[in-house]
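# Per-entry structural report
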Amino acid sequence: MHITMSRNKYILILIVIAIISFAYYVPHYGLIYDGGLYASLGYSLVSGNGYYFNGYPGDVPPILPIFLALFIGIFGENGIFLVVPLFSIIHAIICFLILEKKVSLELSFLGSLYIFFTPIMFYDSMNVIREIPLLTFVMASYLVFLWKDDSYKKHVLIGILIGLAFLTKSVGFVYTFPILVYYVIKMNKKVAINFLSSVIIVLPWAIWSYSHFQTPFVSHSAYLLPQMGTNVISFFTRTLPIFFLGSFIPILPLSILGIKKTEKIFLLFGFFVFLSAFLWPVQEARYLLAGYFLILYTALTYLKDKKKKIGIAFMVIAVLFQVGATVSVLETSVVSYGLLDEAGRWLRENTETDSKVMTQSFRQIHFFSHRKTYQIPQDPSLFQKTLERNKIEYIVIDSYEKTTPKYAREYFKNVEPLATFKDNYGTVNIYRSPYYNSSKLDK
């Protein structure tokens, strides 16, 4: 009874710390490019228009958009900013529960805080992206795997979690594959239940995907698959260095020392995490987020055999370092995208429902404006043709999106905007298209 109460107390403290941290930072950050797609799909679902973005069927697995739709329905459009932080809190609790099976409650609590406040992890927790929900389902599957019983209920639940991980992001199957490998090696016949329950969860999406794209598992990044393994140099020169910089460096040698005492399934998990990031042609440190848990887990495996006070002192320092690093990154190195919501809502309130907008941040503006949006062409010769062909009425130029063509910024440098939104972090201007004259504009 004492252990249960103590565990619940630590979980409660963890939740309180997480909520306070998010309450301070989340309101200052807006919707990034990727998030605009997921949020738009969620809005399309909740508004009864099906799984569509900008008039086209959604080409990403549906779990995050489904949760976004649910929160939009409950809390309104700003509900999208609550979803990933909620997943982040659940993820931290799951990490605590896994660590608790290996080390003391104190080390487990500090370890979960270490993961939560890892700079890349915390930043991604404030954005409407799939990595944190993905990790939540993946880590939940490993938590259930660690249950001591071998019941049908356990295997059904693992299969469901594997299916949900896959439907969040396709790499979820790669991350959870070691669980299936373990049961196959052990010749546990109940592994068939894992596969069957996963298939049942995934089947509706496969049918929908095939009916719209003639492939059962459409993904907008599938075009990168033929390029697998072509950018491995960047993995070592960019991804890994950034990943390690997000760690408390003294924890790395402890992690190496703890490898020998770490369960093989977690080592295999780590192998697949790093292999998938190593081979993927787009190199981003966020594709290695699961690696932070693995480093921590092996380090605590080593520390647990040392004097209790030494381990706790080390982890307190590590957590304080992560908090400081996170605050430093958020205060100095992060783009907020904070005005796109205001610009989008201005368009919603001041334009016709069938108006068309061109902007580089076309996903975010689509969500906030509920208007059809087009991306600015990189080729200057296509600019006028695109405006005329698609009958673009409004153009949005923001200071956030670095891929905005230089010619587009210069073109509107001396043009008076219809509306301007500005703060200490950025500027967003809305212009009327110079190439489209419509009776609607003269009303």
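Residues numbered from 1 in each chain as written. Predicted model: local features only at pLDDT ≥ 70, side-chain atom pairs only at ≥ 80, totals over all residues. Heavy atoms only, no water.

With an unreviewed UniProt entry as reference, the chain is termed Dolichyl-phosphate-mannose-protein mannosyltransferase, source organism Candidatus Methanofastidiosum methylothiophilum.

## So, the pattern of salt bridges
This model, assessed by the stated rule, comprises 13 salt bridges. Notably, a salt bridge pairs Glu 77 with Arg 348, separated by 2.8 Å at the nearest N-O pair. Here the residue Glu 77 occupies a position in the loop between helix H3 (63–75) and helix H4 (80–100), and Arg 348 occupies one in helix H16 (residues 340–350), the gap between them amounting to 271 residues. The class for Arg 348 is partly exposed, based on a relative accessible area of 26%. The salt bridge partner of Glu 131 is Arg 286, with a shortest N-O separation of 3.0 Å. Here Glu 131 is found in helix H7 (residues 131–145), whereas its partner Arg 286 is found in the loop between helix H13 (264–279) and helix H14 (290–303), with 155 residues between them in sequence. Across the pair, Arg 286 and Glu 131 agree in class, each one buried. (Salt bridge = Lys/Arg side-chain N within 4 Å of Asp/Glu carboxyl O. Helix = DSSP H or I, 4+ residues; strand = E, 2+ residues; numbered from the N terminus. Buried < 20%, exposed > 50% of the residue type's maximum accessible area, 1.4 Å probe, protein only.)

## Digging into a nonpolar patch on the surface
A cluster of nonpolar side chains, contributed by Leu 70, Ile 74, Phe 75 and Leu 82, occupies part of the molecular surface with about 400 Å² of accessible area. Among the secondary structure elements, Phe 75 is positioned in helix H3. (Patch = residues over 30% accessible without salt bridge, like charges linked within 9 Å, V, L, I, M, F, W, Y side chains within 5 Å. Areas by Shrake-Rupley, 256 points an atom, 1.4 Å probe, with all protein chains shown as cover.)

## Focus on the packing of helix H9 (residues 172–185) against H13
Running from N to C, H9 and H13 cross one another at 145 degrees; their axes reach a closest spacing of 8 Å. Seen from above, H9 lies across H13 with right-handed handedness. For the pair formed by H9 and H13, the contact residues are Val 174, Tyr 175, Phe 177, Pro 178, Ile 179, Val 181 and Tyr 182 on the first element and Ile 265, Leu 268, Phe 269, Phe 272, Val 273 and Ser 276 on the second. Classifying every residue of the contact of H9 with H13 by side-chain character gives 12 nonpolar, 1 polar and no charged. (Axes fitted to C-alpha atoms, helices over the stretch in contact; angles between N-to-C directions. Left-handed = near helix turned anticlockwise from the far one by under 90°. Contact = heavy atoms within 4.5 Å. Nonpolar A, V, L, I, M, F, W, Y, C, P; charged D, E, K, R; others polar.)

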